[in-house]
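Spelled out from the first residue to the last, the chains are:
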Amino acid sequence: MKDMKNKVYIKDIAKYAGKTITIMGWLANKRSSGKLHFLQVRDGSGIIQCVMFKGDVSEEAFETADKLSQETSIVVIGEVKEDKRSTLGYEIGIKELKIVGESKDYPISNKDHGVAFLMDNRHLWLRSSRQVAILKIRDEIIFAIREFFRKEGFISMDAPIFTPNACEGTSNLFETNYFDSKAYLTQSGQLYGEAGAMALGKVYVFGPTFRAEKSKTRRHLTEFWMVEPEMAYHDLEMDMEVAENFISYVVQQVVKNRKEELKILERDISKLEAIVPPFPRITYTEAIEILKKKGNPTKWGEDLGADEETIISNEFDKPVIIHRYPAAIKSFYMKRDANDDKLALGMDIIGPEGAGEIVGGSERETDYDKLVERIKEHKLSMEAFEWYLDLRKYGTVPHAGFGLGLERTVGWICGLPHVRETIPFPRLMDRIKP
Ligand code: 4AD
Ligand code: MG
């Protein structure tokens, strides 16, 4: 194709007012009335109305435009005109129109479709303005995450996907063949992050993680992205402070840079603007008291489920940090509270508006013997954890970290009821296609 270098992106259209330019994209929508065709053209960067007047083009071109179907790829050459009524402030008066690729019987129309149908057509559904808005916000969040950690002096460190051991319990491990032995898909990069923190001081691991979740909920994916900072010489208090500054930074970057997309999603921005430090902090024991007052039967010692999280988060306008859980329901690597051995120095952050648990973190056990004891208690393989125990043998220090689930965060910030729209190609218990 000629002239591809000379195309103008719709987002930059204001720079070309009064000029004749070339747009390359797809037909999102079309409306006609007598001598006029109104084509909504999208190019990924934005969407613009292109108007074809019968008197301005050849008869053949006008006929062609009349037959254009949704998602036909097209090149439009025309003049950029100011148009106060449109969101962009501009429209294009078409002089020439070329078809690049046909699109017959495009399966997704502007009608309502069922979720299963849209999920089967996820590769096409991604083109809709809602999905484009969500993907742009996801990109903004990822960028803000890396920017925050770069500014705070963290080093990005990648952890392996194939692992010899479990990090978050053995009940939801994906097992795979690894030549003559077995390997597991990583549940969390944390243990490797701990090794990294001993080398680099402050690191973060950011990558895909896998859990064979046998529950079909609106918050569980089998493949999801997690960002996990890990910091040497940090305790639980410092961990919570990093987490609230981090989350607030990410939310405010989205509010600042993605207003248009939040508007497409009809997101109440004032709720996001309120996300600034400090966040409310309560102990697990206080959380149980709140639940009791609200008539929820959860007893001390039991884990908090989705319903409990919602009841607690409804008490606050910001994410709420719940810390010092019963050690018995938390992971093997968490340090115990020096004041009460039944408690783990762990924390979860529950997002507002029913977002659920977005962060899990803790101060880590630093003592070699205690860690050996915990590995035995949790019936984990000592051999697989030998390297991890080395971190306590050679210069052990207090350290802490947390993991933030990217998709739950995208869902919360976008105001989506289900995680399936927060990742381009969701992997759920009952879905691995497309
Ligand atoms: O609470 P989790 O299991 O914590 C860890 O994995 C720690 N190793 C993290 C650390 O301290 N470095 O998971 C952390 C977060 C959860 O709070 C949730 O946001 C997300 O990961 N998450 C999931 N997101 C989508 N689908 C799932 N199945 C998820 N499981 C956890
Ligand atoms: Mg958790």
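Residues numbered from 1 in each chain as written. Chains lettered and ligands numbered in written order. Predicted model: local features only at pLDDT ≥ 70, side-chain atom pairs only at ≥ 80, totals over all residues. Heavy atoms only, no water.

### A look at the overall build of the protein chain
Point 1. Along the backbone of the protein chain there are 13 helices and 17 strands.
Point 2. Along the three orthogonal principal directions, the C-alpha set of the protein chain runs to about 85 × 55 × 40 Å.
Point 3. For the protein chain, with 434 residues in total, the buried portion stands at 50%.
Point 4. Once local pairs closer than 6 in sequence are excluded, the contacts in the protein chain between residues at least 24 apart make up 66%.
Point 5. Total accessible area on the protein chain stands at roughly 21,600 Å², and carbon and sulfur atoms take up 51% of it.
Point 6. Across the protein chain, the centroid of the 63 positively charged side chains sits 5 Å from that of the 68 negatively charged ones. (Helix = DSSP H or I, 4+ residues; strand = E, 2+ residues; numbered from the N terminus. Buried < 20%, exposed > 50% of the residue type's maximum accessible area, 1.4 Å probe, protein only. Contact = heavy atoms within 4.5 Å. Areas by Shrake-Rupley, 256 points an atom, 1.4 Å probe, with all protein chains shown as cover. Lys, Arg positive; Asp, Glu negative; His and termini not counted. Charge placed at Lys NZ, Arg CZ, Asp CG, Glu CD.)

### Observations regarding the pattern of salt bridges
Once their charged atoms are close, side chains differing in charge can pair, the charge on each being opposite to the other.
Point 1. Taken as a whole, this structure holds 28 salt bridges when the rule is applied.
Point 2. For the salt bridge of D120 with R431, the shortest nitrogen-to-oxygen distance reads 3.0 Å. Of the two residues, D120 sits in helix α2 (residues 115-120) while R431 sits in the segment after α13 (406-414), which places them 311 residues apart along the sequence.
Point 3. By relative accessible area, R431 is classed as buried at 16%.
Point 4. Across the pair R392 and E194 runs a salt bridge, and its minimum N-O distance is 2.8 Å. Highlighted residues: R392 in helix α12 (residues 386-393) and E194 in helix α5 (residues 190-200), separated in sequence by 198 residues. (Salt bridge = Lys/Arg side-chain N within 4 Å of Asp/Glu carboxyl O.)

### Section: the sheet that holds strand β9 (residues 181-185)
Point 1. Spatially, three strands are ordered β7-β9-β8 in an open sheet, and the strand pairing comes out antiparallel. Looking at which strands have only one partner, the edges of the open sheet turn out to be β7 (162-163) and β8 (175-178).
Point 2. Both β7 and β9 contribute to a ladder of two bridges, which runs antiparallel. Looking across to β9, one finds that F162 is bridged to L185. (Pairing = 2+ DSSP bridges.)

### Some words on the site of ligand 1
Point 1. Close to ligand 1 lie 23 residues; E168, Q190, R211, E228 and E357 are nearest.
Point 2. E213 is positioned with one of its side-chain polar atoms (N or O) 3.0 Å from a nitrogen atom of ligand 1.
Point 3. Between ligand 1 and R364, the relevant distance is 3.0 Å, taken from an oxygen atom to a side-chain nitrogen or oxygen of the residue.
Point 4. In the complex, 94% of the free accessible area of ligand 1, which totals 630 Å², lies under the protein chains.
Point 5. Elements with a minimum of two residues in the shell around ligand 1: β11 (223-232), β16 (356-363) and β17 (399-405).
Point 6. Residue composition of the shell around ligand 1, by class: seven nonpolar, eight polar and eight charged. (Near = heavy atom within 4 Å. Polar contact = N/O pair within 3.5 Å; in protein donor to acceptor, adjacent residues only side chain to side chain. Nonpolar A, V, L, I, M, F, W, Y, C, P; charged D, E, K, R; others polar.)

### Examining the packing of aromatic side chains
Point 1. Using the criterion set out here, one finds 18 aromatic pairs in the structure.
Point 2. Seen from their ring centres, Y192 and W387 are 4.7 Å apart, and the 15° between their planes marks the pair as stacked. You can see Y192 sitting in helix α5 and its partner W387 sitting in helix α12, a full 195 residues away along the chain.
Point 3. For Y192, a relative accessible area of 16% corresponds to the buried category.
Point 4. For W387, a relative accessible area of 25% translates into the label partly exposed.
Point 5. Through pairs of rings, three or more aromatic residues link up here, namely F148, F149, F154, Y204, F246, Y249 and F402.
Point 6. Of note, K330 hangs over the ring of Y325, and the distance from its end group to the ring centre comes to 4.2 Å. (Phe/Tyr/Trp six-rings, centres within 6.5 Å; stacked < 30°, edge-to-face > 60°. Lys NZ or Arg CZ within 6 Å of the ring centre and 35° of its normal.)

### What about helix α9 (residues 284-293)?
Point 1. Y284, A287, I288, I290 and L291 are the residues of α9 that are buried. The buried residues of α9 all sit within an arc of 155° when viewed along its axis, so they share a single face. Facing away from the buried side of α9, by more than 90 degrees, are the exposed residues K292 and K293.
Point 2. Looking at the packing, one finds that the buried side of α9 touches β12 (281-283), α10 (306-313) and β13 (320-326).
Point 3. Within two residues after α9, G295 carries a phi angle of roughly 85°, on the positive side. (Arc of directions from axis to C-beta.)

### Notes on the domain arrangement of the protein chain
Point 1. According to the domain assignment, the protein chain consists of domain 1 (2-101) and domain 2 (122-421).
Point 2. Each of domain 1 and domain 2 was reduced to a C-alpha centroid, and the two centroids are 45 Å apart. (Domains from an automatic or database assignment.)

### A word on the pairing of strand β4 (residues 73-82)
Point 1. Across the 10 residues that make up β4, a large majority, seven, are buried.
Point 2. As defined by bridge partners, strand β1 (residues 20-33) adjoins β4 across seven bridges and the pair is classed as antiparallel. Within β4, the position partnered with I21 by the bridge is G78.
Point 3. Direction of pairing for β4 relative to strand β5 (residues 90-101): antiparallel, over a ladder of 10 bridges. Pairing of K81 across the sheet is with E91, part of β5.

### Let's talk about the nonpolar core
Within soluble globular proteins, side chains that are nonpolar tend to cluster in buried spots.
Point 1. Core analysis: the biggest nonpolar cluster contains 45 residues, and I141, I145, F246, I247, M347 and I413 have the highest contact counts within it.
Point 2. Here the element with the most residues in this core is helix α6 (residues 236-257); it accounts for 11 residues.
Point 3. Residues in contact with I141, not counting those within four places in the same chain, are V250, V254, L406, T409, V410 and I413.
Point 4. Grouped together as the second largest cluster of nonpolar side chains are 23 residues, L27, M52, V57 and F62 included. (Core = buried A, V, L, I, M, F, W, Y, C linked by side-chain atoms within 4.5 Å.)

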